[in-house]
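Residue-level structural notes
Listed below, chain by chain, are the residues.
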Amino acid sequence: MARKQSSAEKAFKQSEVRRLHNKAIKSTCKTYAKQFVEAVHAKDKALAEAKLKVLVSNLDSARSKGVLTRNAVSRKKSRMMKLFNVSFAASAAN
């Protein structure tokens, strides 16, 4: 007869699944952030704008899933928007 799984073992399995799922979501957010920063450094406004939109959407999604906290998402979005605005403000003024 099969041995019954303890609640501690079940909780461990569940937390492991959650950890891997959260890690994947965080990884995608970091990848999009890196792509956005690269687009900004390449001075490609259209690409940077597209990457920023995808990044913000992804961060909001991670927030709604409880992977990232509200303040962390706000901070990351704010920093990325600031980078975009500072980088392309001079070209808009000309």
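What comes next is a walk through the structure. (Residues numbered from 1 in each chain as written. Predicted model: local features only at pLDDT ≥ 70, side-chain atom pairs only at ≥ 80, totals over all residues. Heavy atoms only, no water.)

**Concerning the layout of surface pockets**
Rolled over the atoms, a probe with the dimensions of a water molecule shows which regions are left empty. To keep it simple, the criterion reads: Cavities and pockets are defined on a 1 Å grid built over the protein atoms alone: a cavity is a set of grid points where a 1.4 Å probe fits but cannot escape, while a pocket is an open set with protein on both sides within 12 Å along at least five of seven lines, and lining residues are those with an atom within 4 Å of any such point. Grid points are joined across faces, edges and corners, and a volume is the space filled by probe spheres set on the points. Numbering goes from the N terminus for both helices and strands, where a helix is a DSSP run of H or I of at least four residues and a strand is a run of E of at least two.
By volume, the largest pocket amounts to about 180 Å³. Looking at the largest pocket, the residues that line it are K26, C29, K30, A33, L55, L59, L68, K76, R79 and M80. Broken down by secondary-structure element, the contributors of at least two residues to the lining of the largest pocket are α1 (7–41), α2 (45–64) and α3 (70–93). Per element, the largest residue contribution to the lining of the largest pocket is four residues, and it comes from α1.

**With respect to the packing of aromatic side chains**
For the record, the criterion: For Phe, Tyr and Trp, where Trp contributes only its six-membered ring, two rings pair if their centres lie within 6.5 Å, and the inter-plane angle classes them as stacked under 30 degrees, edge-to-face over 60, or tilted in between. Buried, partly exposed and exposed residues are distinguished by accessible area as a fraction of the type maximum, computed with a 1.4 Å probe on protein chains only: under 20%, between the cut-offs, and over 50%, respectively.
Taken as a whole, this structure holds one aromatic pair when the rule is applied. An angle of 55° between the planes, with centres 5.0 Å apart, marks the rings of F84 and F88 as tilted. Taken as a pair, F84 and F88 lie in helix α3 at a separation of four residues, close to a single helical turn. Like F84, the residue F88 is buried in the burial classification.

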